[in-house]
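Chain residues, written in single-letter form:
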Amino acid sequence: TTVQEHAPNPAAGDPNRPIGFGRLQRKEDPRFVRGKGTYIDDIVLPGMLHGAILRAPVAHARLVSIDTTEALAHPKVLAVITGKDLQALNLAWAPTLSADVQAVLVTDKVRFQGQEVAFVVAEDRYAARDALELIDVEYDTLPPVIDARRALDPGAPVIRDDIEGRTDNRIFDWEIGDAAETEAVFAAADVVVAQEIVYPRVHPAPMETCGAVADFDPIDGNLTLYETTQAPHAHRTLYAIVAGIPEHKIRIVSPDIGGGFGNKVGIYPGYILAVVGSIVTGKPVKWVEDRSENLMSTSFARDYIMQGEIAATKEGKILAVRTNVLADHGAFNATAQPTKTPAGFFSIFTGSYDLEAAYCKVTGVYTNKAPGGVAYACSFRVTEAVYLVERMVDILARKLEMDPAELRLKNFIKPEQFPYANKTGWVYDSGNYEPAMRLSMQIAGYEDLRREQLEKRERGELMGIGVSFFTETVGAGPRKHFDIVGLGMADGAELRIHPTGKAVVRISVQSQGQGHETTFAQIVAEELGIPPESIDVVHGDTDQTPFGLGTYGSRSTPVSGGAVALVARKVREKAKFIAAAMLETRPEDLEWEKGRWFVKGDPSAGKTIEEIAMAAHGTMTLPEGIDGNLDAEVTYDPPNLTFPFGAYICVVDVDAGTGHVKVRRFIAVDDCGTRINPMIIEGQVHGGLTDGVGMALMEIIAFDEDGNCLSGSFMEYLIPTAMEVPDWETGFTVTPSPHHPIGAKGIGESATVGSPPAIVNAIVDALTPYGVTHMDMPCTPARVWEAMQGRARPP
Ligand code: MCN
Ligand code: CUM
């Protein structure tokens, strides 16, 4: 893959310099490339048993009876747990992250195909799986609700009859923006265009599926739970509340994670069942799901049906955007997102444009499908928002017969307007959009591409050029605005400098492949001048790390990264007092240069951080109020979120005979503020762009009308490989966040958010000769071909 770097990075300094920010090779990779990572399935405890879940074969059915006699008689089976057993423990239902409840095991009714019905604990994985077939379950099938558009029909079957007083499938209605003001702007506008835009249900499909190893010690009452989780601390608090196990008796360990992508934020029934299995048998119990279980029952993403409208003057000044959304949340409202925002951060659908008005209404509904919705590098549904506005802007460009890049350039929020308050309540901390857009056009050779397209069109060849520009809101968040089940979204950091000047930093967030062991060491290195290889990063173990809300919504750098910079500065300040005592001078007479304090005007009189660390632990009389170590801790509550942005250009060739789409080029210019490790950033961007190709061209979790999941394996749920993606061409600009301690913004989800609209815009652009103005993802050859015949098919 070629990488082009097209902008200077003032914050990065010399990229080859050993200390601080730059292209440092990943500290975690020596163990990963040697196959020495420890994933959940690598954890083996003495006497460990294995669990397997019996899942419902139908989408909607009353549970008539379960007979476990034969399964229990299996010589290797130790326990079979049903919903009834859990009821006796008051554990049949568990609270979700969205103030709903979810069945751990079915007691009354099956609500989606693949739902958890019983749990077998056996001596090995094979016996546990074999015994599932010995359980006899009788179901009384019910008509399912599969199409979200039918969920609110009068007379639609009520899925959640477990909730008292519920008579329909409506979960919530949520609106934001000023409806009347927006209506007035639309009524007076020269041009209004409307389009229904569907973002289909997709799945993060991490390489490693979900799993847990539960080890409950009946003597001292301690529960150690190894889990594939992106948020160990939040999970611990929830287990304490749900299971009534005192919080200090619970230790959650998140080992190496083979990809999370939001799939590993929530608490799944399997985790709870492993715990119950361990309590019941008195032995450690491992549960690891297979690929079909992962695709069919764990957190999906998107599933938004959006009615989009955009208003503009005839000169192309965009005035307002309005949308009405139907959100399919599946059978339980288990989306992982801040409590006060039932549609996540969808309200950033105003995009990167200076609008006069904006309004949206989102209606969440239950259907007989797996629960979830907020996952797959979505930045809390910024994916859906960006897709909506970037498709609408392209449709408007077509209507106005304007170039889509020109239309965007004309409407960007101007640099002097930042901090910019948009019409739905966000305050964009910083931005400088035009240079990013121009850089992407320059890398692409935009004018030449348009010329090439014209020539090809004359020859009947279908070439498309798609542009998208996005602004994300990541780094939740100010604790006063954002919480997850009541836990404020702040993060702790602890830094300890050993006597010899080596360091260990403990953080509350959890890497699933993002390289935190490297980048968080780089932050400490940059602040203290200790080389990154002398700094260990500890994460993923609640007994070893300070409390914090975990990794999702690209919040690790914005929140935990801030905490780490601040804790290092705290140590630096403490070091100053000790250095002053060592140099027999006053602290205010000292000056800092990377790695040492020295006397102002006398650079030769100084003490390195290593010397100071040794002295702090030594016999010297320490200054008043300074204790004998060089350690510190902080909790960081950010003042605002960060607003990374990017300009993407995609070039596609469409085969007029088959409808096959080839993504020929993709140019991605990202701005995530100060860049800690450009190599890791590029990795994040390459991965996200690949996600975008997957969603735009091939990925969908589909159902038949009975609610059978049609995408339960990688034979049906297609994900892109190196064969389907081009050599990515990346560039960047640097607009530091004004409020973040090191000016960094998140990058982990940017490319997944920004790339699908660029690809679809390119495909629709290619199909212009056929009069196509919109088509829904995934743009498979069959669908593209149908669109060319004037028959767009709904997903
Ligand atoms: N980084 C940097 N400079 C910046 C911003 C980030 O060097 N200005 C580095 C960070 O230090 C970190 C990485 O880039 O090593 C990603 O940082 P950040 O944007 O803070 O995102 P998180 O670490 O919080 O990761 C979460 C994000 C999410 S929400 C999803 S979903 C996703 C993603 O990361 N899941 C991933 N990228 C993933 N990458 C891998 N390999 N695996 C996943 O499961
Ligand atoms: Cu929305 S997926 Mo990530 O936030 O873990």
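Please read these numbers as outputs of a predicted model, since none were measured by experiment.

Chemist: Honestly, the site of ligand 1 in this entry has me stumped. Any pointers?
Modeler: Around ligand 1, 32 residues are found, and the nearest of them are Gly260, Gln514, His516, Thr557 and Ile747. Separating a nitrogen atom of ligand 1 from a backbone N or O atom of Ile676 is a distance of 3.2 Å. For ligand 1, an oxygen atom lies 2.6 Å from a polar atom in the backbone of Ile747. Mapped onto the shell around ligand 1, the elements with two or more residues apiece are helix H13 (516–528), helix H14 (556–582) and helix H16 (678–697). Its residues placed into classes, the shell around ligand 1 shows 10 nonpolar, 19 polar and three charged.

Chemist: For this particular structure, what's the right way to read a negative patch on the surface?
Modeler: Taken together, Asp67, Glu70, Asp136, Glu138 and Asp140 make up a surface patch of like negative charges. Element by element, the count of residues in the negative patch is highest for strand E8 (residues 136–141), at three residues. Tracing the chain through its elements places Asp140 in strand E8.

Chemist: Help me understand the coordination of the copper atom of ligand 2 in this model?
Modeler: Four donors placed tetrahedrally around a metal ideally meet at 109.5 degrees, and six donors placed octahedrally ideally meet at 90 or 180 degrees. Coordination of the copper atom of ligand 2 by the protein involves just one donor, Cys378 (SG), at a distance of 2.3 Å. As for its position among the elements, Cys378 is in the loop between strand E18 (372–373) and helix H9 (382–400).

Chemist: Would you mind showing me how to read empty space enclosed by the protein here?
Modeler: Unoccupied space between atoms shows up once a probe the size of one water molecule is rolled over them. The final tally for this structure, using the stated rule, is five cavities of 30 Å³ or more. Here the largest cavity is characterised by a volume of approximately 280 Å³. Along its surface, the largest cavity is lined by 24 residues, and Gln102, Gly266, Ile267, Tyr268 and Ala334 are the ones closest to its centre. Counting residues per element, the ones that place at least two in the lining of the largest cavity are strand E4 (93–95), strand E5 (101–103), helix H6 (232–243) and helix H7 (269–281). Among the elements that take part in the lining of the largest cavity, H6 stands out by supplying three residues, more than any other. Looking at side-chain class alone, the lining of the largest cavity contains 16 nonpolar, eight polar and no charged residues.

Chemist: Just checking my understanding: could you explain the packing of H14 against helix H15 (residues 609–616) for this structure?
Modeler: Each pair of packed helices can be summarised by the angle the axes make with each other and by the distance between the axes. It is at 10 Å that the axes of H14 and H15 come closest, and there the two elements cross at 80 degrees. By the angle between their directions, the pair H14 and H15 is classed as roughly perpendicular. Residues Ala575, Ile578, Ala579 and Met582 of H14 lie in contact with H15, whose contacting residues are Ile609, Glu611, Ile612, Ala615 and Ala616. Split by residue class, the contact of H14 with H15 holds eight nonpolar, no polar and one charged.

Chemist: What is the right way to read helix H5 (residues 179–188) from this model?
Modeler: Given 3.6 residues per turn, any residue in an α-helix points the same way as the ones three and four places further on. Along H5, the residues classified as buried are Thr182, Val185 and Phe186. All buried residues of H5 fall inside an arc of 100 degrees around its axis, so they share one side. Of the exposed residues in H5, those oriented more than 90 degrees away from the buried face are Ala180, Ala187 and Ala188. Check the buried side of H5 and you find it contacts strand E10 (191–202), strand E15 (300–312), strand E16 (318–328) and strand E17 (357–365). Measuring from the backbone nitrogen of Ala180 back to the side-chain oxygen at the start of H5 gives 3.2 Å, which picks out Asp178 as the cap.

Chemist: Can you help me understand the confidence of the model for the protein in this one?
Modeler: A low pLDDT score tells you not to read the predicted coordinates there in detail. Residue-level pLDDT values for the protein average 95, and 97% of them are 70 or greater. Low pLDDT (under 50) marks residues 1–18, which in the prediction has 42 contacts with non-local residues, meaning those over four places away or in another chain.

Chemist: I'm lost on the sheet that holds strand E33 (residues 728–732) in this one. Help?
Modeler: Whenever strands of a sheet pair, they do so through backbone hydrogen bonds, lying parallel or antiparallel. Spatially, the four strands line up as an open sheet ordered E21-E31-E32-E33, and their pairing is mixed. At either margin of the open sheet sits one strand with a lone partner, and together these are strand E21 (462–471) and E33. Mean inter-strand twist for the sheet, computed between neighbouring axes without regard to direction, equals 15 degrees. Where strand E32 (residues 661–671) meets E33, five bridges bridge the pair, whose relative direction is parallel. Directly across from Asp670, in E33, lies its bridge partner Phe732.

Chemist: What should I look at first to understand the packing of aromatic side chains in this one?
Modeler: Aromatic ring pairs are defined here through the distance separating the ring centres and the angle between the ring planes. The full count for this structure, using the stated rule, is 26 aromatic pairs. Aromatic pair Tyr353 and Phe412: ring centres 6.0 Å apart, planes at 5 degrees, arrangement stacked. Within this pair, whereas Tyr353 is found in the loop between E16 and E17, its partner Phe412 is found in the loop between helix H10 (404–411) and strand E19 (420–421), the two being separated by 59 residues in sequence. Residue classification places Tyr353 among the buried residues on the basis of a relative accessible area of 2%. Pairing Trp426 with Phe482 gives two aromatic rings, centres 6.4 Å apart and planes at 20 degrees, and the pair type is stacked. Placement of Trp426 in the loop between E19 and strand E20 (427–428) and of Phe482 in the loop between E21 and strand E22 (483–484) is noted, with a sequence separation of 56 residues between them.

Chemist: I tried to follow the nonpolar core on my own but got confused; where do I start?
Modeler: Considering soluble globular proteins, one finds that nonpolar side chains tend to be buried as a cluster. Judged by nonpolar contacts, the single largest core of 141 residues is most densely connected at Phe346, Val362, Phe666, Leu697, Ile763 and Leu767. Per element, the largest residue contribution to this core is 12 residues, and it comes from H9. Each of domain 1 (1–18 + 412–476 + 642–795) and domain 2 (40–145 + 225–289) accounts for three or more of the residues forming this core. Setting aside anything within four residues of it in sequence, one finds Ile763 in contact with Val652, Val661, Leu697, Met775, Cys779 and Val784. With 44 residues, the next largest nonpolar core counts Val524, Val567, Val571 and Ala632 among its residues.

Reading guide: rules and limits
Residues numbered from 1 in each chain as written. Chains lettered and ligands numbered in written order. Predicted model: local features only at pLDDT ≥ 70, side-chain atom pairs only at ≥ 80, totals over all residues. Heavy atoms only, no water. Near = heavy atom within 4 Å. Polar contact = N/O pair within 3.5 Å; in protein donor to acceptor, adjacent residues only side chain to side chain. Helix = DSSP H or I, 4+ residues; strand = E, 2+ residues; numbered from the N terminus. Nonpolar A, V, L, I, M, F, W, Y, C, P; charged D, E, K, R; others polar. Patch = residues over 30% accessible without salt bridge, like charges linked within 9 Å, V, L, I, M, F, W, Y side chains within 5 Å. Areas by Shrake-Rupley, 256 points an atom, 1.4 Å probe, with all protein chains shown as cover. Salt bridge = Lys/Arg side-chain N within 4 Å of Asp/Glu carboxyl O. Lys, Arg positive; Asp, Glu negative; His and termini not counted. Charge placed at Lys NZ, Arg CZ, Asp CG, Glu CD. Donors = N, O, S within 2.8 Å, 3.2 Å for Na, K, Ca; no water. 1 Å grid on protein atoms, 1.4 Å probe; cavity = no way out; pocket = protein on both sides within 12 Å on 5 of 7 lines; lining within 4 Å. Points joined across faces, edges and corners; volume = space filled by probe spheres on them. Axes fitted to C-alpha atoms, helices over the stretch in contact; angles between N-to-C directions. Parallel < 35°, antiparallel > 145°, perpendicular 65-115°, else oblique. Contact = heavy atoms within 4.5 Å. Buried < 20%, exposed > 50% of the residue type's maximum accessible area, 1.4 Å probe, protein only. Arc of directions from axis to C-beta. pLDDT = per-residue confidence, 0-100. Pairing = 2+ DSSP bridges. Phe/Tyr/Trp six-rings, centres within 6.5 Å; stacked < 30°, edge-to-face > 60°. Core = buried A, V, L, I, M, F, W, Y, C linked by side-chain atoms within 4.5 Å. Domains from an automatic or database assignment.

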